[in-house]
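# Geometric and topological summary
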Amino acid sequence: MSKRSKIECIVDPLSTSSLQERVKIISLKFKTAWYGFKEWVTTAFLYYGTIPFMKADLSLLAMYLFNSPYTVSKRFLQEEALKDIYAYGETPIDTMATILKECSITKNDNLFELGSGRGRICFWLATVCGIEVTGIDIIPEFIERAETIRKRLGLKNIHFVNSDLLEASLQGGTVFYLFGSGFDDAFLESLIARFASLKKGTRFITISFPLEDYDQKGNFEILKRFPVSFPWGETDAYYQIKK
């Protein structure tokens, strides 16, 4: 059994057997779509005054209009014959804004988003917040599309890396953000063992579970725990530091 509360992202209704389950999941899809629309309107109102972000966000919208990131992720995970092919999820920008405030992330930080997906949060962090940011994701199509936008806009403080998180370089990061909903316990134990090798004072933000759940050596200290919102509901974020 998982050590953390399991987060369900988008699930294919055909993968379930009962009519009641299918209705519930279809309802969740509509709810998520409505949440996404409202979040986009809010984001446009608050942040489209920053022209590079507006251009990046509209480019992402166009790129994934007929081929959603959920579809891209599912196709890749199917090709890799992985068990959980419906594990894609994104952090809403208003939620990330809350996280930055609660954790006092500033322009002096170099933030790594581990599992950056299509890169929307990375573009927001780099263009609106002025933070040096690196997005790492295993799915090549996400990185290729994000790189196309980055080069088109000439952005210098954002980097995209196509790599497995257990192999990618983590050097230079001062803050690491991990949504982590689609990773199993064995993967998280290996990843957090890598975190333990980073220098003292490195900070980490995780969603729904603390690092100490996967570390038995006391390498990390929780600085703050606070509520955050996602399309599927409320959970807690954990702000931690390497001791």
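Residues numbered from 1 in each chain as written. Predicted model: local features only at pLDDT ≥ 70, side-chain atom pairs only at ≥ 80, totals over all residues. Heavy atoms only, no water.

### Considerations on the environment of Met96
Filter applied, for reference: A run of DSSP states H or I qualifies as a helix once it reaches four residues; a run of E qualifies as a strand once it reaches two. Both are numbered from the N-terminal end. When accessible area is computed with a 1.4 Å probe and restricted to protein chains, residues below 20% of their type maximum are described as buried, those above 50% as exposed, and intermediate ones as partly exposed. Contacts between residues were defined by any pair of non-hydrogen atoms, one from each residue, lying within 4.5 Å.
In this structure, Met96 sits in helix 4 (residues 93-103). Look at Met96 and you get buried, because its relative accessible area is 1%. In this structure the C-alpha to C-alpha distance between Met96 and Val228, which are 132 residues apart in sequence, comes to 8.8 Å. In this view, Met96 contacts Thr91, Ile121, Trp124, Leu125 and Tyr177; residues no more than four positions away in its chain are not counted.

### Topic: the sheet that holds strand 1 (residues 110-114)
Through backbone hydrogen bonds, the strands of a sheet pair up, either in parallel or in antiparallel fashion. Counted only if it meets this: Note on pairing: two strands pair once DSSP finds at least 2 bridges between them. Orientation is described by axes fitted as lines to C-alpha atoms, over the contacting stretch for helices, and by angles from 0 to 180 degrees between their N-to-C directions.
Taking strand neighbours across the sheet as the criterion, the 7 strands line up as 3-2-1-4-5-7-6 in an open arrangement whose pairing is mixed. Edge positions in the open sheet fall to strand 3 (158-162) and strand 6 (220-230), since each of these has one partner strand only. Ignoring which end each strand starts from, the neighbouring axes of this sheet average 20 degrees apart. Both strand 1 and strand 4 (residues 175-178) contribute to a ladder of 4 bridges, which runs parallel. Within the sheet, the bridge partner assigned to Glu113 lies in strand 4 and is Tyr177. Its contacts with the sheet put helix 4 on strand 4, strand 5 (203-207), strand 6 and strand 7 (233-242), and the angle it makes with strand 6 is roughly 150 degrees. Sheet contacts for helix 6 (residues 140-153): strand 2 (132-137) and strand 3; angle to strand 3, the most-contacted strand, approximately 155 degrees.

### Comments concerning the pattern of salt bridges
The condition that has to hold: The term salt bridge refers to a side-chain nitrogen of Lys or Arg lying within 4 Å of a carboxyl oxygen of Asp or Glu.
For the structure shown, the criterion picks out 9 salt bridges. Glu141 is paired through a salt bridge with Arg75; the nearest N and O atoms lie 3.1 Å apart. Of this pair, Glu141 sits in helix 6 while Arg75 sits in helix 3 (residues 69-79), and the two are 66 residues apart along the sequence. Here Glu141 falls in the partly exposed class, since its relative accessible area comes to 24%. For Arg75, a relative accessible area of 32% gives the class partly exposed. With its nearest N and O atoms 2.8 Å apart, the salt bridge here joins Arg225 to Asp236. Note that Arg225 is positioned in strand 6 and Asp236 in strand 7, a separation of 11 residues in sequence. By relative accessible area, which is 53% here, Arg225 ends up exposed. Three or more residues joined by partner-sharing salt bridges are found here, namely Glu39, Asp57 and Arg120.

### Remarks on the side chain of Ser59
Put simply, the rule is: Distance and chemistry together define a polar contact, namely a pair of N or O atoms within 3.5 Å, with one atom able to donate a hydrogen and the other to accept it when in protein, and with adjacent residues in sequence counting only for side-chain atoms on both sides.
If you trace the backbone, Ser59 turns up in helix 2 (residues 51-63). Here Ser59 falls in the buried class, since its relative accessible area comes to 16%. Side chain to side chain, Ser59 and Arg152 meet in a polar contact 3.5 Å long.

The values reported here are purely geometric and, on their own, carry no functional implication.
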